[in-house]
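What the coordinates show
Below, each chain spelled out in residue letters.
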Amino acid sequence: RDRVRIVAIDNTFRFFINDQLVRLCLPDDPDGESTFFLGECEGGHMADVWLDDSLPVGRIGVAVETQRKEEAVTVIFDNVLVLSPDSAEFSLTEATNP
């Protein structure tokens with residue numbers, strides 16, 4: 001069973017899969033796009049943290065893309081649980097040390 005966790009504190013976002021921090025391919029141009037392909041971050045840079053002041057609240061979404069356009073993809077979720085920790089009890093130290 002795989003676990004996806006997103007820790008968002010103020011404008012700082014960290015993403016984890018099975019308690020391992022996921023590095024992100026972020027675009028160098030704020031209005032541009034970046035793509036992670038064959039182990040390379042094209043049009044951007046790799047980062048452990050995503051900073052974004054434009055998201056005071058949010059929603060959860062998942063996207064899946066394949067390397068080959070003709071490949072069909074099926075994504076199945078089971079036992080999805082979404083938690084929102086009380087900010088008074090959750091610290092940045094806890095977020096960076098899962």
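As the structure is a prediction and not an experimental result, all values here were calculated from the model.

Below, the discussion takes up the overall build of the protein. Helix and strand content of the protein: 1 helix and 8 strands. Written out in order from the N terminus, the α and β elements of the protein read β-β-β-β-β-β-β-β-α. Counting all 98 residues of the protein, 14% fall into the buried class. Look at the contacts in the protein between residues 6 or more apart in sequence, and 39% of them connect residues 24 or more apart. Carbon and sulfur atoms form 51% of the exposed surface of the protein, whose accessible area is close to 8,600 Å².

One pass over the structure, following the stated rule, counts 2 aromatic pairs. Between the aromatic rings of Phe-13 and Trp-50, the centroid separation amounts to 5.1 Å while the plane-to-plane angle is 40°, which identifies the pairing as tilted. Of this pair, Phe-13 sits in strand β2 (residues 12-17) while Trp-50 sits in strand β8 (residues 50-51); the two residues are 37 residues apart in sequence, bridging distant segments of the chain. Taking relative accessible area as the criterion, Phe-13 reaches 11% and is therefore assigned buried. Aromatic rings pair up to connect Phe-13, Phe-15 and Trp-50 into one cluster.

Throughout the structure, instances matching the rule amount to 2 salt bridges. With a shortest N-O distance of 2.8 Å, Asp-48 and Arg-23 are connected by a salt bridge. Taken together, the residues span a long stretch of sequence, with Asp-48 in the loop between β7 (44-47) and β8 and Arg-23 in the loop between β3 (20-21) and β4 (24-27) at a distance of 25 residues. Residue Arg-23 is classed as partly exposed on the basis of its relative accessible area, which comes to 46%.

Further remarks concern the pairing of strand β1 (residues 4-9). Every other side chain in a regular strand lies on the same face of the sheet, so the side chains alternate between the two faces. Direction of pairing for β1 relative to β2: antiparallel, over a ladder of 6 bridges. By the bridge assignment for β2, Arg-5 is matched with Phe-16.

So, on to the confidence of the model for the protein. Here the protein shows a mean pLDDT of 76. Residues at 70 or above account for 79%. Of the regions scoring below 50 in pLDDT, residues 87-98 engages in 16 contacts with residues more than four places distant in sequence or in other chains.

Attention now goes to the environment of Pro-30. Here Pro-30 shows up in the loop between β4 and β5 (35-37). Pro-30 sits in the exposed class, given a relative accessible area of 75%. As for Pro-30 and Gly-44, which are separated by 14 residues in sequence, their C-alpha atoms are 9.8 Å apart.

Turning to unusual backbone geometry, a few remarks are in order. Backbone geometry at Asp-10 places phi at a positive 55°, although glycine is not the residue there. For Asp-19, which is not a glycine, the phi torsion comes out positive at approximately 65°.

Thresholds applied
- Residues numbered from 1 in each chain as written.
- Predicted model: local features only at pLDDT ≥ 70, side-chain atom pairs only at ≥ 80, totals over all residues.
- Heavy atoms only, no water.
- Helix = DSSP H or I, 4+ residues; strand = E, 2+ residues; numbered from the N terminus.
- Buried < 20%, exposed > 50% of the residue type's maximum accessible area, 1.4 Å probe, protein only.
- Contact = heavy atoms within 4.5 Å.
- Areas by Shrake-Rupley, 256 points an atom, 1.4 Å probe, with all protein chains shown as cover.
- Phe/Tyr/Trp six-rings, centres within 6.5 Å; stacked < 30°, edge-to-face > 60°.
- Salt bridge = Lys/Arg side-chain N within 4 Å of Asp/Glu carboxyl O.
- Pairing = 2+ DSSP bridges.
- pLDDT = per-residue confidence, 0-100.

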